[in-house]
Amino acid sequence: MTHGTELKRRPSRTRRLLSVFDGEALSPPPVWLMRQAGRYLPEYRATRSKAGGFLDLCYNPALAAEVTLQPIRRYGFDAAILFSDILVVPDALGQKVSFVEGEGPRLSPLADGKAIAALSLEGANRTFSVIAETVQRLRQDLPAETALIGFCGAPWTVATYMIGGQGSSDQATARSMAYRDPQAFQALMDLLVAASVAYLDGQVRAGADLLQIFDSWAGSLPEDEFDRWVIAPTRDLVAEMKRRHPGVPIIGFPRGAGEHAARFVRETGVDAVGCDTAMPLGQIRATLSGRTVVQGNLDPLLLVAGGARMKERVRQIVGKLGVNPFIFNLGHGIVPQTPPAHVAELVAIVRDTKQTG
Ligand code: CP3
């Protein structure tokens, strides 16, 4: 991997997690968890109620930094992930975003090309600079050995919310628009690539050590559409970030990509791939491990269950994947009903996999 100015400025040796990007298999593997800050933590719920709405929390650098730090204090993860959201991008582009308690995000849906053309990058940097301020605070407040992850949503996944106006199980509204009006859809992809570059660039300049691109709905597309709306925009986003910050590693998380995962890695240029819960360890080992950094993939519901079954699976995952550069994580985010004590147990089990001799 290339060593740009960023890694020279912040030597990877002090942040263990970054060493996997130099090709090192660490034992025990570094560990962090998607959605490690969130509603399963009582201290998160307390801070969130102080902030008002969910976006008010994202746009309050002091409180957003506080909730980012909460799981680091409890569990000593190898990385912190900036507290923000993938839907900050549509909000910054002028599409109204709100979060309904218990129901998730609501956006005024983009009905056609005209609605897409009305969005604008102008003014977005004002929003992104608030998020960058959170990153700046974090770099000061985090332990020196904790890597800081910046992130954005992949253009496809963000577009599914912008067009559907809310989450859905099949992303039918966005998929239909992509068939009906591919030109308008491409314009939205291009705008999202540009906006995501601005969002991520602000995070890296403020001190993020590495980045993750969340493509939570990558799994809903047939192969030609996967190439066009998942691989191509991600490749453009990665290429521009690599041009600006060659030393900053990028993790892709194409959830549900299945058989497409290896091609996704080759064609997008990401440095690591997040594997979802459904991806078989045999497939990961045969097609990804040793060729790229692998991250994953414990079932978040097994973390809710805890106990012997969780321990057995963690050891299986680390045994199979830990021989090559690997980051332990879940296959998707922590769910709200997760007992905080199980997270402590999980970290202890991962750290206990250290190979001696
Ligand atoms: O700890 C972290 O991982 C960092 C912060 C983070 C959040 N969202 C905070 C959040 C990150 C990295 C995300 C990513 C995100 N946001 C994704 C991709 C990952 C995934 O889960 O698939 C997506 C699809 C979103 C959009 C989004 N934000 C949805 C669908 C929801 C509602 C679902 C839910 O869990 O409530 C959110 C809200 C959200 N984002 C919460 C948190 C902690 C819960 C909001 C609350 O406090 O009420």
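See the structure printed just above.
Residues numbered from 1 in each chain as written. Predicted model: local features only at pLDDT ≥ 70, side-chain atom pairs only at ≥ 80, totals over all residues. Heavy atoms only, no water.

Student: Looking at this model, I keep getting lost on the pairing of strand β6 (residues 250-254). Mind explaining?
Tutor: As a general feature of sheets, a regular strand has side chains that alternate between the two faces. Counting buried positions along β6 yields 5 of 5 residues, so the element is predominantly enclosed. Because side chains alternate across β6, one face comprises the buried residues I250, G252 and P254, and the other comprises I251 and F253, equally buried. Sheet analysis places strand β5 (residues 210-215) next to β6, joined by 5 bridges and oriented parallel. Counterpart to D215 in the pairing with β6 is P254. Where the polypeptide runs from β5 across helix α11 (residues 223-244) and back to β6, its parallel neighbour, the crossover connection is right-handed. Bridge analysis of β6 against strand β7 (residues 272-274) gives 2 bridges, and the strand direction is parallel. Paired with I251 across the bridge in β7 is A272. In this view, the connection linking β6 to its parallel neighbour β7 by way of helix α12 (residues 261-268) has right-handed handedness. (Buried < 20%, exposed > 50% of the residue type's maximum accessible area, 1.4 Å probe, protein only. Helix = DSSP H or I, 4+ residues; strand = E, 2+ residues; numbered from the N terminus. Pairing = 2+ DSSP bridges. Right-handed = clockwise from strand over helix to strand, strands pointing away.)

Student: Whenever I open this one, the pairing of strand β2 (residues 97-100) confuses me. Can you help?
Tutor: Two elements, β2 and strand β3 (residues 104-107), share 4 bridges in a ladder whose sense is antiparallel. Bridge pairing links S98 to R106 in β3. If you look at the hairpin formed by β2 and β3, you'll find 3 residues sitting between the two strands, and G102 has a positive phi there, around 80 degrees.

Student: What exactly am I supposed to notice about the side chain of D271 here?
Tutor: Within the fold, D271 resides in the loop between α12 and β7. One polar contact links D271 to K242, side chain to side chain, over a distance of 2.6 Å. Among the polar contacts made by the side chain of D271, one reaches the main-chain amide nitrogen of I250 at a distance of 2.8 Å. The contacts of D271, once residues within four sequence positions are left out, are F21, K242, V248, P249, I250, T292 and V293. (Polar contact = N/O pair within 3.5 Å; in protein donor to acceptor, adjacent residues only side chain to side chain. Contact = heavy atoms within 4.5 Å.)

Student: So what exactly am I meant to see when it comes to the layout of surface pockets here?
Tutor: To find leftover empty space, a probe the size of one water molecule is rolled over the atoms. Taken as a whole, the largest pocket holds about 1300 Å³ of empty space. Lining the largest pocket are 43 residues, and of these R35, R39, D85, H332 and I334 lie nearest its centre. When contributions to the lining of the largest pocket are tallied by element, the ones reaching two or more residues are α2 (42-51), β2, β3 and α14 (300-305). Of the residues that constitute the lining of the largest pocket, the class distribution is 23 nonpolar, 10 polar and 10 charged. (1 Å grid on protein atoms, 1.4 Å probe; cavity = no way out; pocket = protein on both sides within 12 Å on 5 of 7 lines; lining within 4 Å. Points joined across faces, edges and corners; volume = space filled by probe spheres on them. Nonpolar A, V, L, I, M, F, W, Y, C, P; charged D, E, K, R; others polar.)

Student: Just checking my understanding: could you explain the site of the ligand for this structure?
Tutor: Taken together, 22 residues sit near the ligand, with R39, Y44, R48, S216 and H332 positioned nearest. A distance of 3.3 Å separates an oxygen atom of the ligand from a polar backbone atom of Q36. At a separation of 2.5 Å, an oxygen atom of the ligand approaches a polar side-chain atom of S216. Relative to its unbound accessible surface of 860 Å², the ligand loses 89% to contact with the protein. Within the shell around the ligand, the residues separate by chemical class into 13 nonpolar, 5 polar and 4 charged. (Near = heavy atom within 4 Å. Areas by Shrake-Rupley, 256 points an atom, 1.4 Å probe, with all protein chains shown as cover.)

Student: Hey, could you run me through the nonpolar core in this one?
Tutor: Across soluble globular proteins, nonpolar side chains have a tendency to be buried as a group. Grouped together as the largest cluster of nonpolar side chains are 128 residues, with contacts concentrated most on F185, L288, L298, F328 and L346. Sequence-distant contacts of F185, that is, excluding residues within four places in its chain, are made with W156, A159, I163, A174, M177, A178 and W229. (Core = buried A, V, L, I, M, F, W, Y, C linked by side-chain atoms within 4.5 Å.)

Student: Teacher, can you tell me more about the sheet that holds strand β8 (residues 293-298) here?
Tutor: Sheet strands pair by backbone hydrogen bonding; their relative direction is either parallel or antiparallel. Spatially, β1-β4-β5-β6-β7-β8-β9 is the arrangement adopted by the 7 strands of the open sheet, whose pairing is parallel. What marks the edges here is a single partner per strand, and that holds for β1 (79-81) and β9 (326-330). Pairs of neighbouring strands in the sheet enclose a mean axial angle of 25 degrees, with direction left out of account. Here 3 bridges tie β1 to strand β4 (residues 147-153), and the two strands are oriented parallel to one another. Pairing of I81 across the sheet is with I149, part of β4. (Axes fitted to C-alpha atoms, helices over the stretch in contact; angles between N-to-C directions.)

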